[in-house]
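Here is how the chains run, residue by residue.
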Amino acid sequence: MAKTATKKPEAKADKPAGKKLPTKKPKHTHHLQKGKHGGTMVVLVNDLLHVGKQGDLVEVKPGYARNYLIPYGLAVLPSAENLRTLDQYKIKVQKAREARVADLKVLAEQLSRLPAVTIEANATEDGHLYGSIGPIEISKTLKGKNLLVEGDMVKLEHPIKEANTLTEVPLSLGYGIETKIQVLVVALAPGKK
């Protein structure tokens, strides 16, 4: 036991007394501002369904902010600079939103004056379609008439599977603007494609 006690002081004597051990540098992590429910606070750059409107300061799950919203440019962190410019940004956003609502109202008026939209599709002799007519086909037909209606704006309950039918299709254009159009599905003549 005496030998082990004498070796320890010798080990300390081997180290120079004037040399300091390196200290760990503090890590500079970008801490995200926490909300009152423990989520991450972000400022939305675009309108997001079920999250908020453009320019809003919202609280979302940390992974959603870190892995989706911020990398894809849909939201920014609410830094002091971003919060200072938020009021000016909200004014610009409000003007852009008013212009978009005006455009959508004009589009709704054009759609309401539109006679039945005719879509041709392959069908059997009994009038059953080989496929079906869904929101995407209706959207393509309306875009062919220079009416910018996206597929997610078409609120069709069930795909149309019968030829020679007139169906009323509701459209939700956004910002609470809704309208309806008539869609007529016609069977293609044999030999036509």
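Further up the page is the structure itself.
Residues numbered from 1 in each chain as written. Predicted model: local features only at pLDDT ≥ 70, side-chain atom pairs only at ≥ 80, totals over all residues. Heavy atoms only, no water.

**Considering the overall build of the protein chain**
In step 1: Scanning the protein chain from N- to C-terminus turns up four helices and eight strands.
In step 2: Taken across its 193 residues, the protein chain has 27% of its residues classed as buried.
In step 3: Put simply, of all contacts in the protein chain between residues at least 6 apart along the chain, 48% involve residues at least 24 apart.
In step 4: Of the accessible surface of the protein chain, which amounts to about 14400 Å², a share of 55% is contributed by carbon and sulfur atoms. (Helix = DSSP H or I, 4+ residues; strand = E, 2+ residues; numbered from the N terminus. Buried < 20%, exposed > 50% of the residue type's maximum accessible area, 1.4 Å probe, protein only. Contact = heavy atoms within 4.5 Å. Areas by Shrake-Rupley, 256 points an atom, 1.4 Å probe, with all protein chains shown as cover.)

**What to know about the sheet that holds strand S4 (residues 117–121)**
In step 1: Taken in spatial order, the three strands of this open sheet run S4-S8-S7, and their pairing is mixed. Looking along the sheet, the strands with just one partner apiece sit at the ends: S4 and strand S7 (165–174). Ignoring which end each strand starts from, the neighbouring axes of this sheet average 35 degrees apart.
In step 2: The pairing of S4 with strand S8 (residues 177–187) spans five bridges and is classified as parallel. By the bridge assignment, Ala 121 is partnered in S8 with Ala 187.
In step 3: Each of S7 and S8 touches helix H3 (residues 80–113); the most contacted strand, S8, lies at about 40 degrees to it.
In step 4: Sitting on the sheet, helix H4 (residues 135–144) touches S4, S7 and S8, and the angle it makes with S4 is about 120 degrees. (Pairing = 2+ DSSP bridges. Axes fitted to C-alpha atoms, helices over the stretch in contact; angles between N-to-C directions.)

**So, the packing of aromatic side chains**
In step 1: Applying the stated criterion to the full structure yields two aromatic pairs.
In step 2: Centroid distance Tyr 64 to Tyr 68: 5.6 Å. Interplanar angle 20 degrees. Geometry classified as stacked. Placement of the pair is Tyr 64 and Tyr 68 together in helix H2 (residues 62–69), with a separation of four residues, close to one helical turn.
In step 3: Tyr 68 gets classed as partly exposed once you look at its relative accessible area, which sits at 37%.
In step 4: A centroid spacing of 5.3 Å and a plane angle of 50 degrees characterise the contact between Tyr 68 and Tyr 72, whose relative ring orientation is tilted.
In step 5: Exposure remark for Tyr 72: the relative accessible area of 60% places this residue in the exposed category.
In step 6: An aromatic cluster is built from Tyr 64, Tyr 68 and Tyr 72, whose rings are joined through pairwise contacts. (Phe/Tyr/Trp six-rings, centres within 6.5 Å; stacked < 30°, edge-to-face > 60°.)

Just distances and angles here, no functional claims.
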